[in-house]
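# Coordinate inspection notes
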Amino acid sequence: MYQIAVIPGDGVGPEVIDETLRVLRRIQELEGLEFETTHYPFGADHYLKTGELMPESVFADFNDMHAILLGAIGDPRVEVGVLERAIVGGVRWTLDLYINLRPIKLYAEALTPIKNKTPEDIDMVFVRENTEGLYMGIGGHFKKGTPDEVAIQEMIMTRKGVERAVRYAFEVARKRNKDKKLTLIDKQNALPAQEIWSRTFEEVGGEYPDIERDHAYIDAACMWMVKNPEWFDVAVVDNMMGDIITDLGAAVQGGMGLAASGNIHPGRVSMFEPIHGSAPKHAGRGVICPYAAICALQLMLDELRLDSAAKRLDGAIARTLGSGKVTSLSTGSGIKTSEYTDVLLGFLE
Ligand code: IPM
Ligand code: MN
């Protein structure tokens with residue numbers, strides 16, 4: 001029996017989670033697995049009603065579960081960043097989910113906005129460091145609102161944090177066994193302290209002689225992502241730069257309708273989410289594509305080592321998008337949220 005914590009969250013989060021749970025129930029039947037889901041109300045409504053963001057006590061619950069599924073967090077009624085930091089950040093930091101795993105895979109040529117690129121060209125995995133960098137909340141304002149105002153946001157990189165991200169990425173490159181290449185992405189030419197990344201990369205890389213090491217500055221990497229996405233196999237990147245380039249990656253693979261991420265601490269409870277936001281203006285309209293959340297479920301099954309279920313779902317996603325039955329994942333596609341799921345369920349059998 002697998003225990004799954006579910007946080008539907010804000011905006012379109014509850015809609016895409018409902019659809020994802022339909023898929024999970026079907027997988028359960030087909031694969032003879034048992035999942036028990038426990039819902040948690042965290043998000044804007046709960047906060048506005050009760051003043052509670054994310055109580056400490058819930059982390060003890062989470063630690064006893066096998067995984068967490070998150071819909072989306074963020075609501076215009078709450079000051080920007082408050083919910084995101086407390087809930088998304090809170091889970092990532094408190095549970096020390098130090099890897100943000102973001103596969104970028106083109107399932108059908110028609111989905112990419114880039115000319116002449118095929119599914120063979122766009123198939124990579126980004127390993128984003130998920131607990132450090134610019135995201136640690138260290139900094140603040142001095143003389144705020146005056147002409148002499150100073151604002152500081154510190155970028156923190158620890159040897160431990162960098163090394164575990166780099167090591168994880170080498171392992172992914174080895175396990176994937178595709179080009180056996182790992183690209184380190186940074187901005188060391190402007191941020192000299194990022195030398196810790198390249199030094200650690202070289203040292204740890206010595207233990208992986210079978211993996212080719214490559215390097216790109218983040219600005220050039222963004223250009224390659226569009227011009228030569230086939231150059232990437234696995235990439236490792238710091239938190240902030242990883243946040244940005246994986247949105248670009250999402251666009252290249254066909255948009256936010258498909259992009260998912262796993263917030264992972266290997267061997268411990270991890271959290272899976274679509275990388276699109278809460279999209280409040282689309283909430284409740286039944287127009288959002290649930291595939292990103294369903295892809296997050298796929299990552300969850302994979303992380304739980306439920307290989308047969310994970311493969312089945314991956315195959316269903318690929319067949320759905322290859323079938324021509326779903327030609328657009330955008331909110332203007334005319335396809336209803338539940339219809340997207342119906343098509344996919346047909347390919348699960
Ligand atoms: C993401 C999101 C978050 C991040 C936000 C909601 C804080 O953009 O998961 O990519 O920046 O990590
Ligand atoms: Mn992001």
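What follows concerns the site of ligand 1. Within the structure, ligand 1 sits among E84, R92, R102, R128, Y135 and D243. Within the side chain of R92, a nitrogen or oxygen atom sits 2.7 Å from an oxygen atom of ligand 1. Between ligand 1 and the protein, one listed contact pairs an oxygen atom with a side-chain N or O atom of R128 at 2.8 Å. Here ligand 1 loses 72% of its free accessible area of 320 Å² to cover by the protein chains.

Turning next to unusual backbone geometry. One non-glycine residue, N116, lies in the positive phi region at around 60°. Locating N116 in the fold gives a position in the loop between β4 (99–105) and β5 (123–129). The exposure class of N116 is exposed, given its relative accessible area of 68%. The phi dihedral of N177 is positive, around 55°, even though this residue is not glycine. Locating N177 in the fold gives a position in the loop between α5 (159–176) and β8 (181–186).

Taken as a whole and judged by the stated rule, the model has 24 salt bridges. A salt bridge links R26 to E29; the shortest N-O distance between them is 2.4 Å. Remark: E29 and R26 occur in helix α1 (residues 13–31); sequence separation between them is 3 residues, near one turn of the helix. By relative accessible area, which is 55% here, E29 ends up exposed. Among the salt bridges present, the one from D243 reaches R128, with a minimum N-O distance of 3.7 Å. Of this pair, D243 sits in helix α8 (residues 239–252) while R128 sits in strand β5, and the two are 115 residues apart along the sequence. A relative accessible area of 1% means that R128 is categorised as buried. Taken together, the salt bridges that share partners define one network made up of R159, E163, R167, E203 and E207.

Quick notes on the rules
Residue numbering note: each chain is counted from 1, following its sequence as written. Think of it this way: whatever chain is written first is A, whatever ligand is written first is 1, and the rest follow in order. It should be noted that, the model being predicted, local features are given only for residues of pLDDT at least 70 and side-chain atom pairs only at 80 or more, the latter also being counted only at that level, while totals for whole chains, interfaces and linings use all residues. The side-chain numbers reported here are obtained from all heavy atoms of the structure, hydrogens and water having been left aside. Working definition: residue near molecule or strand if any one of its non-hydrogen atoms lies within 4 Å of it. Polar contacts, as counted here, are pairs of nitrogen or oxygen atoms within 3.5 Å of one another; within protein the pair requires one atom able to donate a hydrogen and one able to accept it, and residues that are adjacent in sequence qualify only if both atoms are side-chain atoms. Only the protein chains shown count as cover for residues, and all accessible areas are computed by the Shrake-Rupley method using a 1.4 Å probe. Strands are runs of DSSP state E lasting at least two residues, helices are runs of H or I lasting at least four, and both sets are numbered from the N terminus onward. Burial classes: relative accessible area under 20% of the type maximum marks a residue as buried, over 50% as exposed, and values in between as partly exposed (1.4 Å probe, protein chains only). Think of a salt bridge as a Lys or Arg side-chain nitrogen and an Asp or Glu carboxyl oxygen that are within 4 Å of each other.

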